[in-house]
Amino acid sequence: MSVASASTTKATAHSAKAVIAAPKVPNAAAIKKEYGGQSITFIGDSVGGGHTRDMALAKQFSKDTGITVKVVPHPTASDASYSQLARVFTSHGSSFDVAMIDVVWPGAFAPYLVDLGPKLGKQAKLHAAGIVANDTVEGRLVAMPWFGDFGILYYRTDLLKKYGYSKPPTSWAQLFSMAKKIQTGEQAANPQFSGFVFQGNSYEGLTCDSLEWIASSGGGQFIDKGKVTINNAKAASILNLFRANIGVTTPRGVTSYQEGEAHTAFVTGNAAFMRNWPYAYSIAADPKQSKVVGKFNVTTLPHGPGGAPVGTVGGWQLAVNKYSKHPDAAIEFVRYMTSPAVEAFDAITNTNVPTIPAVAKMPAVVKANPYLKPQIATVARVTRPARYLGTHYNEGSKIIYQGISQILNGQDANSVLPSIQSKLDRLVK
Ligand code: GLC
């Protein structure tokens, strides 16, 4: 495994960005001979340090292979990115060659994607089998795993200490009560300060966050074993607890927060707790971007009454557009981007979760990604209902996040859940 460039650096969580360079492309001469001079477009990342990473990797790939890569960041909201790609696919467009694909999309986009099995099947074996299975539709490997994700809790260690707490909260009720006490104290000097931030905007991220609240309260995963289950008392009760906290222990504006707004509040020192994905660790630990370096830690998310902590499965894959004019050059780019060396680079510089188990065990990767510690990484993972919704996933998720958004904006969950339930029922049947 060629991970030397990543493992031999002096990278630490606090200085990673400065010292590590994009890995060289293995077998570059052969690729150049075949495809040098071709030009491809990559619809890449826009959250956290994702675009900077994509630019660095594309530049290295172009330098080594002579294949030009134009990097276009996708819209920050996953569902908006879905709609953008869907428009190109359904018109059989070739305006992009490679795109990042959310973990919940392979079923919906499979007909428009190149089967990567023949060329990348061997490399796929390095990746976690569960994600490869997720990216395999009717025997075709329609995408390669790129990085994983799961929800975690970020908390301010200095403030917990200051307000007399010896450990982070384990229940949502505890989180809100700690958030309230810390917020009240901190707001005296900083009116901007909030107890808790998360992804409360009406978009895909809210489907992810609310799945964690509900599943960790024993309220199911929206659709369980093919049956819509969202309309239940445990779901209603935890959703109403969140509703009661909007503008109380959260900023009022949390109902428009996506990942970026949440991490900005946290790294500028304006929040005690944050729910986010692991990428935010690299930003909070970067002295150039963060005021909380050395003052925060991560752990599993809290749970509801009688429940247990969970983390929603997220993550991104790389796929090749079936209508691409340069599918082979595109596949070589995907081969490079999903290689162990690049995953190690991404895990160290951007604290994204490697999908290659051997990379996740590398000492430099473990050091930069404290959430990979077994106590956090073995948390129960819950999945969005993509397998039941198939090509209707985006429609179904929209029904979920729009309904949850109504609750966060003031409606009683008991009056909203029945309508989410019946709309989902219609989709599933
Ligand atoms: C992260 C996850 C992705 C999810 C999105 C929601 O990017 O990796 O799976 O859909 O957040 O905002």
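This is a predicted model, so every value here is computed, not measured. (Residues numbered from 1 in each chain as written. Predicted model: local features only at pLDDT ≥ 70, side-chain atom pairs only at ≥ 80, totals over all residues. Heavy atoms only, no water.)

Novice: Looking at this structure, how should I read the pattern of salt bridges?
Specialist: Once their charged atoms are close, side chains differing in charge can pair, the charge on each being opposite to the other. According to the stated counting rule, one finds 11 salt bridges in the structure shown. Asp45 serves as the salt-bridge partner of Arg53, at 3.0 Å between the closest nitrogen and oxygen. Take Arg53 and Asp45: they sit in the same class, and that class is buried. Because the salt bridges share partners, they merge into one network encompassing Asp45, Arg53, Asp54 and Asp346. (Salt bridge = Lys/Arg side-chain N within 4 Å of Asp/Glu carboxyl O. Buried < 20%, exposed > 50% of the residue type's maximum accessible area, 1.4 Å probe, protein only.)

Novice: Is there a simple way to explain unusual backbone geometry in this structure?
Specialist: Trans is the common state for peptide bonds, and a negative phi is the common state for residues other than glycine. Of note in this structure, His92 is not a glycine but carries a positive phi near 55 degrees. Located in the positive-phi region is Glu138, a residue other than glycine, with phi close to 50 degrees. Within the element layout of this structure, Glu138 appears in the loop between strand S4 (136–137) and strand S5 (140–141). Residue Glu138 is classed as exposed on the basis of its relative accessible area of 80%. (Helix = DSSP H or I, 4+ residues; strand = E, 2+ residues; numbered from the N terminus.)

Novice: Quick question: what am I supposed to make of the environment of Gly390 here?
Specialist: Among the secondary structure elements, Gly390 is positioned in the loop between helix H20 (386–389) and helix H21 (393–408). Residue classification places Gly390 among the partly exposed residues on the basis of a relative accessible area of 23%.

Novice: Even after reading the chapter, I still don't get the site of the ligand, so can you show me in this structure?
Specialist: As a matter of local geometry, the ligand sits amid 13 residues, with Asp102, Asp149, Glu259, Gly315 and Arg384 nearest to it. In this structure, Glu259 approaches the ligand through a side-chain N or O atom, which is 2.5 Å from an oxygen atom. A distance of 3.1 Å separates an oxygen atom of the ligand from a polar atom in the side chain of Trp277. Protein chains bury 93% of the 310 Å² of accessible surface belonging to the ligand in isolation. Those elements giving two or more residues to the shell around the ligand turn out to be helix H11 (204–215) and strand S13 (310–320). The class makeup of the residues in the shell around the ligand is four nonpolar, four polar and five charged. There are two domains that each give the shell around the ligand at least three residues, and those are domain 1 (17–150 + 314–372) and domain 2 (152–312 + 380–428). (Near = heavy atom within 4 Å. Polar contact = N/O pair within 3.5 Å; in protein donor to acceptor, adjacent residues only side chain to side chain. Areas by Shrake-Rupley, 256 points an atom, 1.4 Å probe, with all protein chains shown as cover. Nonpolar A, V, L, I, M, F, W, Y, C, P; charged D, E, K, R; others polar. Domains from an automatic or database assignment.)

Novice: I'm lost on the pairing of strand S7 (residues 152–156) in this one. Help?
Specialist: Sheet faces and side chains relate simply in a regular strand, where the side chains alternate between the two faces. With five of five residues buried, S7 is to be regarded as a mostly interior element. Side chains Ile152, Tyr154 and Arg156 of S7 all project onto a buried face; the interleaved residues Leu153 and Tyr155 project onto the opposite face, where all are buried too. Across four bridges, S7 lies against strand S11 (residues 271–276) in antiparallel orientation. If you follow Tyr154 over to S11, its bridge partner there is Met274. (Pairing = 2+ DSSP bridges.)

Novice: Teacher, can you tell me more about the packing of H11 against H21 here?
Specialist: When two helices pack together, their arrangement is captured by the angle between the axes and the distance separating the axes. At a closest axis distance of 8 Å, the pairing of H11 and H21 adopts a crossing angle of 70 degrees. With respect to their mutual orientation, H11 and H21 come out roughly perpendicular. Relative to H21, the crossing made by H11 is left-handed. The residues of H21 that touch H11, namely those facing Glu204, Leu206, Thr207, Ser210 and Trp213, are Tyr393, Ser397, Ile400, Tyr401, Ile404, Ser405 and Leu408. A breakdown of the residues in the contact of H11 with H21 according to their chemical character gives seven nonpolar, four polar and one charged. (Axes fitted to C-alpha atoms, helices over the stretch in contact; angles between N-to-C directions. Parallel < 35°, antiparallel > 145°, perpendicular 65-115°, else oblique. Left-handed = near helix turned anticlockwise from the far one by under 90°. Contact = heavy atoms within 4.5 Å.)

Read these as spatial facts, not as claims about activity.
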